[in-house]
Amino acid sequence: MTATPGLGTTPQLASPDLLRSVFRRHAAGVAVITARGAAGPVGFTATSLSSVSAEPPMLSFGISAGASSWPAISRTDHVGVHILGEHQERLAGTFARSGADRFGEPTAWREGPEGVPVLDGVLAWLVCRVVARVPAGDHRIVLAEVVLGDHADPGRPLLYHQGRFNGLRD
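Quick caveat: nothing in here was measured; it's all calculated off a predicted structure.

About the criteria used
- Each chain carries its own residue numbering, running from 1 in the direction its sequence is written.
- Where local features are concerned, this predicted model is filtered to residues with pLDDT of at least 70; where side-chain atom pairs are given and counted, the filter is 80 or more; whole-chain, interface and lining totals use all residues.
- Values reported for side chains reflect all heavy atoms of the structure, with hydrogen atoms and water molecules removed beforehand.
- Planes of paired rings set the category: under 30 degrees apart is stacked, over 60 is edge-to-face and the rest tilted, where pairs are Phe, Tyr or Trp rings (Trp by its six-membered ring) whose centres lie within 6.5 Å.
- In this description a helix means any DSSP run of H or I spanning at least four residues, a strand means any run of E spanning at least two, and both kinds are numbered starting from the N terminus.
- Buried means the residue's accessible area, taken with a 1.4 Å probe over protein chains only, is under 20% of the maximum for its type, while exposed means over 50%, and partly exposed covers the values in between.
- Every residue pair with non-hydrogen atoms within 4.5 Å of one another is taken to be in contact.
- When DSSP locates at least two bridges between a pair of strands, those strands are taken to pair.
- Fitting a line to C-alpha atoms yields each axis, with helices limited to the stretch in contact; the angle taken between N-to-C directions then spans 0 to 180 degrees.
- Counting of polar contacts relies on pairs of N or O atoms within 3.5 Å, with two restrictions inside protein: one atom must be capable of donating a hydrogen and the other of accepting it, and residues adjacent in sequence are counted only when both atoms are side-chain atoms.

Trainee: I tried to follow the packing of aromatic side chains on my own but got confused; where do I start?
Mentor: Each aromatic ring pair is summarised here by two numbers: the centre-to-centre distance and the angle between the ring planes. For the structure on display, the rule yields four aromatic pairs. Taken together, a centroid distance of 5.9 Å and an interplanar angle of 55° make the contact between F44 and F61 tilted. Linking F44 in strand β3 (residues 40-46) with F61 in strand β5 (residues 58-64), this pair joins segments that are 17 residues apart in sequence. With a relative accessible area of 10%, F44 lands in the buried category.

Structure (structure tokens):
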């Protein structure tokens with residue numbers, strides 16, 4: 001391939017490394033997805049959260065088919081979706097780290113509607129009914145309809161960019 005005028009680099013063929021490199025440049029909001037599993041609560045950090053529909057209110061998120069939370073997410077009827085604030089970098093890291101005790105101290109949570117674990121101190125949270133799980137390469141896209149939630153905290157969101165958690169700057 002040749003250099004593309006105005007871009008200064010030679011385009012690369014599609015690969016996992018190219019996709020990761022491009023999306024490191026894409027800032028994304030940080031959420032934690034939770035569910036009740038057979039052996040207790042499960043959860044993971046997600047940057048793939050997206051609004052899908054207003055009528056009915058529906059969202060989507062991606063999860064690796066190899067993730068430790070996937071077995072519970074693959075069977076549950078309801079999930080919790082939590083929008084993290086810029087002060088919750090540590091919480092995001094806990095739910096992103098493999099093998100971490102995600103629901104142990106200092107994580108503050110309670111059992112919410114439909115038995116979904118609800119995290120305390122987040123900017124907003126939703127309980128959603130899972131309506132579909134769509135295979136997408138090595139991931140699954142989960143579509144979920146919003147049942148109820150709360151958006152009381154007026155704080156600023158936590159973002160993920162260039163492989164790090166960041167706050168929003170003015």
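Trainee: Would you mind showing me how to read the side chain of T76 here?
Mentor: Examined against the element boundaries, T76 turns out to sit in the loop between α2 (70-75) and β6 (78-83). Sequence-distant contacts of T76, defined by excluding residues within four places in its chain, comprise A35, R36, V130 and R133.

Trainee: Even after reading the chapter, I still don't get the sheet that holds strand β10 (residues 139-150), so can you show me in this structure?
Mentor: Either a parallel or an antiparallel arrangement is found when strands of a sheet pair, and the pairing is made through backbone hydrogen bonds. In spatial order, the strands read β3-β2-β6-β9-β10-β5-β4; together these seven strands make up an open sheet with antiparallel pairing. Of all strands in the sheet, those bounded by a partner on one side alone are β3 and β4 (50-53). The average angle at which neighbouring strand axes cross in this sheet is 35°, direction not considered. Bridge count for strand β2 (residues 31-37) against β3 is seven bridges, and the pairing is antiparallel.

Trainee: Which parts of the structure should I look at to understand helix α3 (residues 89-96)?
Mentor: Each α-helix turn comprises 3.6 residues. Residues three or four places apart therefore point the same way. Along α3, the residues classified as buried are L91, A92, G93, T94 and F95. Buried positions along α3 lie against β2, β3, β8 (117-119), β11 (158-161) and β12 (164-167).

Trainee: Whenever I open this one, the environment of G115 confuses me. Can you help?
Mentor: Topologically, G115 is positioned in the loop between β7 (109-111) and β8. Given a relative accessible area of 11%, G115 falls into the buried group. As a C-alpha pair, G115 and V127 span 12 residues in sequence and 9.8 Å in three-dimensional space.

Trainee: Would you take a moment to explain the side chain of T107 for this structure?
Mentor: Locating T107 in the fold gives a position in the loop between α3 and β7. A residue is classified by how much of its surface remains accessible, and T107, at 9% relative accessible area, is buried. A polar contact is formed between the side chain of T107 and the backbone oxygen of R102, at a distance of 2.8 Å. Other than its neighbours up to four places away in sequence, T107 contacts L91, T94, F95, R102 and L119.

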